[in-house]
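# Analysis of the macromolecular model
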Amino acid sequence: MTRTGAGTGTGAEAGAGAATGTVTGTRRRRGRLLAWVLVAATLVLGAGLYWAQPWKLWQNSTVNEALPTASTAPGPGSSRPGAAPAPGPQTVAQGSLISHEHSTTGTVKLIKLPDGSRTLRLENLDTSSGPDLRVWLTDAPVKEGSDGWFVFDDGKYVSLGKLKGNKGDQNYEIPADVNLADYSSVTIWCDRFNVSFGAAALRTA
């Protein structure tokens, strides 16, 4: 009887130890799973922040450039007294920026230089900074409100490069093969999220 009792006690203790081991193993697995979930969430959050770069909305970059000029070789007799002065830059079209997704103000001018090259000039620009902002010439109509935020990549457009700064006076060279007659508006376009920060309808100066 004494031996039987001892054997029974040993079996009970072994069963309790096995149960404790099972619980401990389960907790460890849950802990590892939670750790992986936290790591994955951190990576996703980091990637989202890198993609959206929301801090740029509170960063300002002011770029002020002088009106571009192009030197032309003097023609015969150009130095004679009474000769007509060489032509300067000419504004061929212009418009005022309106706000779209972000508050945006300023003036847009298409300028022809004496050598025949063209420049898009932003004057007194004031908009928000953001990820991957571009200056586009487009054929889209400029609309007030949210209906006008997304229309500029629907038709014809040409990118003149990244926005140099969200404030100031800036120049953007227009390629020689661009036919200005094909374009009627300018947008400050967020290429990452396909939305207009602000835009201007162009009219002949």
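Here is a short report on the structure shown in this document. (Residues numbered from 1 in each chain as written. Predicted model: local features only at pLDDT ≥ 70, side-chain atom pairs only at ≥ 80, totals over all residues. Heavy atoms only, no water.)

### Observations regarding the sheet that holds strand 3 (residues 98-99)
- The five strands are arranged 3-10-9-6-7 in an open sheet whose pairing can be described as antiparallel. Lying at the two open borders of the sheet, with one neighbouring strand each, are strand 3 and strand 7 (157-162). (Pairing = 2+ DSSP bridges. Helix = DSSP H or I, 4+ residues; strand = E, 2+ residues; numbered from the N terminus.)

### Structural notes on the pairing of strand 5 (residues 118-126)
- Across the nine residues of strand 5, seven count as buried, placing the element largely inside the fold.
- Bridge analysis of strand 4 (residues 105-112) against strand 5 gives seven bridges, and the strand direction is antiparallel. Paired with K109 across the two strands is R121, which belongs to strand 5.
- Connecting strand 4 to the next strand, strand 5, in antiparallel fashion are five residues, including G116 with a positive phi near 95°.
- Both strand 5 and strand 8 (residues 167-174) contribute to a ladder of seven bridges, which runs antiparallel. Residue pairing across strands places R118 opposite I174, the latter belonging to strand 8. (Buried < 20%, exposed > 50% of the residue type's maximum accessible area, 1.4 Å probe, protein only.)

### Quick look at the sheet that holds strand 4
- Across the sheet, six strands lie side by side as 1-8-5-4-2-11; this open sheet has mixed pairing. Each edge of the sheet is formed by a strand with only one pairing partner; in this case those strands are strand 1 (62-64) and strand 11 (203-204).

### Points about unusual backbone geometry
- Here the phi dihedral of D132 falls at roughly 60°; this positive angle occurs in a residue that is not glycine.
- Along the chain, D132 turns up in the loop between strand 5 and strand 6 (133-138).
- Classification of D132 as partly exposed rests on a relative accessible area of 22%.
- Positive phi, close to 55°, is recorded for N194, a residue that is not glycine.

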